[in-house]
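Summary of the model geometry
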Amino acid sequence: MEFNYEIEGGNFSHAGTASSEVKKLLKQLNVNPALIKRIVVALYEAEVNVVAHAYEGVMNVVFDNNAIVVKIADKGPGIPDINLAMQEGFSTASPAVREMGFGAGMGLPNIKKNCDELKIESEVNKGTTVTMITHLN
Amino acid sequence: MKVKDIVEKLQLTVCSGAAGLEREVKGGYVSDLLSDVMGNANEGNVWLTLQTHKNIMAIASLKELAAVILVKGYQPEEDTRNESETEGIPVLSTSLPTFEIAGALFEILKNG
Ligand SMILES: Nc1ncnc2c1ncn2[C@@H]1O[C@H](COP(=O)(O)OP(=O)(O)OP(=O)(O)O)[C@@H](O)[C@H]1O
Ligand SMILES: [Mg+2]
């Protein structure tokens, strides 16, 4: 099964909508609630990163008996140094975004903690693709 | 302990989401950094913050928090209130600063 949800860059009033849709879907599919709790954290952080740092993106969810694979691909500025971006506390968020309580530099570390496999691919001035895999067993 | 019990004991104002007053409270979390709450708050927590925008409801809903308490007299924005109604998760407010309301909440949750 495969599902796609669009993410609008820059629009904080819709941030979390895609994650919320996927959460509903996983509940309908009777995924273990403890797994849903973890996945939701990773989904939201990846979604908000598109809203805060990129122009537009798509959240693609592929679900089979063994794993949930979520791929969030965006068009945006990309991440020049992924290792640096992964460090807790590192953020390039604008002052306006920080004022809202985003920009703690905790999003990517939260994603890492809340999925089983994480892959980040990025090209500067093109975009970023975050792939996170959660095993079901 | 239910949300309505802490509303009564802490003399909180119910700004929106009254349908959620029966939600069960399991502890609290204090932070104004959204990723910190996302990563560290637990289901059933009451969240104390000074953030008033709609994104607090996205987090409250995804994390299945019991309620949000806005400190120091802050009021929710209109779309925050609407989202709180839709989700049935109460937004409460107090005139007290975070330190005092957190202490009072800790005290009543500790004593059951
Ligand atoms: N999709 C993306 N496109 C471009 N840059 C990104 C993207 N995701 C993350 N980054 C970069 O990596 C940094 C760290 O991301 P991370 O999610 O950890 O923190 P943050 O978004 O700045 O703050 P927080 O997530 O705590 O609100 C960002 O500040 C940004 O520079
Ligand atoms: Mg982030």
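A separate point is the side chain of Thr 131 of chain A. Locating Thr 131 of chain A in the fold gives a position in strand β5 (residues 127-135). For Thr 131 of chain A, the residues in contact, after removing those within four places along its chain, are Val 69, Val 70, Lys 71, Glu 117, Leu 118, Lys 119 and Glu 121 of chain A.

What follows is about the nonpolar core. In this structure, Met 59 and Met 132 of chain A are the most contacted members of the largest nonpolar core, which totals 58 residues. The element contributing the most residues to this core is helix α2 (residues 33-53) of chain A, with 12 residues. Look past the residues within four positions of Met 132 of chain A in its chain and what remains in contact with it is Ala 42, Leu 43, Ala 46, Ile 68, Val 69, Val 70, Ile 72, Ile 111, Cys 115 and Glu 117 of chain A. One finds Val 7, Val 46, Ile 101 and Ile 108 of chain B within the second-largest nonpolar core, a separate group that totals 17 residues.

Take the site of ligand 1 next. Close to ligand 1 lie 21 residues, the nearest being His 53, Asp 74, Ser 91, Thr 92 and Gly 103 of chain A. Of the chains in the model, those with residues near ligand 1 are chains A and B. With respect to ligand 1, the side chain of Ser 91 of chain A contributes an N or O atom lying 2.5 Å from an oxygen atom. At 2.9 Å, a side-chain N or O of Ser 35 of chain B approaches an oxygen atom of ligand 1. Coverage of ligand 1 by the protein chains reaches 95% of its 600 Å² of free accessible surface. Elements represented by at least two residues in the shell around ligand 1 include exactly α2 and α5 (107-113) of chain A.

Okay, the sheet that holds β5 of chain A next. All names here are of chain A. Here we have 5 strands laid out as an open sheet, ordered β1-β2-β3-β5-β4, and antiparallel in their pairing. Two strands lie at the open edges of the sheet, namely β1 (2-8) and β4 (117-123), each paired on one side alone. Between one strand axis and the next, the sheet turns through 15 degrees on average, direction left out of account. Bridge count for β4 against β5 is 7 bridges, and the pairing is antiparallel.

With that settled, the discussion passes to the interface of chain B and chain A. Taken together, the 19 residues of chain B in the interface contact 21 residues of chain A. For the chain B and chain A pair, buried surface summed over both sides reaches about 1600 Å², with 55% attributable to carbon and sulfur atoms. Among the residues of chain B in contact with chain A, Ser 35, Asn 55 and Leu 62 of chain B are the three that bury the most area, contributing 35% of the side total. Connecting chain B to chain A are 3 salt bridges. Glu 43 of chain B is the salt-bridge partner of Lys 37 of chain A, the closest N and O atoms lying 2.7 Å from each other.

Procedures and definitions
Residues numbered from 1 in each chain as written. Chains lettered and ligands numbered in written order. Predicted model: local features only at pLDDT ≥ 70, side-chain atom pairs only at ≥ 80, totals over all residues. Heavy atoms only, no water. Helix = DSSP H or I, 4+ residues; strand = E, 2+ residues; numbered from the N terminus. Contact = heavy atoms within 4.5 Å. Core = buried A, V, L, I, M, F, W, Y, C linked by side-chain atoms within 4.5 Å. Buried < 20%, exposed > 50% of the residue type's maximum accessible area, 1.4 Å probe, protein only. Near = heavy atom within 4 Å. Polar contact = N/O pair within 3.5 Å; in protein donor to acceptor, adjacent residues only side chain to side chain. Areas by Shrake-Rupley, 256 points an atom, 1.4 Å probe, with all protein chains shown as cover. Pairing = 2+ DSSP bridges. Axes fitted to C-alpha atoms, helices over the stretch in contact; angles between N-to-C directions. Buried area = accessible area lost by both parts, 1.4 Å probe. Salt bridge = Lys/Arg side-chain N within 4 Å of Asp/Glu carboxyl O.

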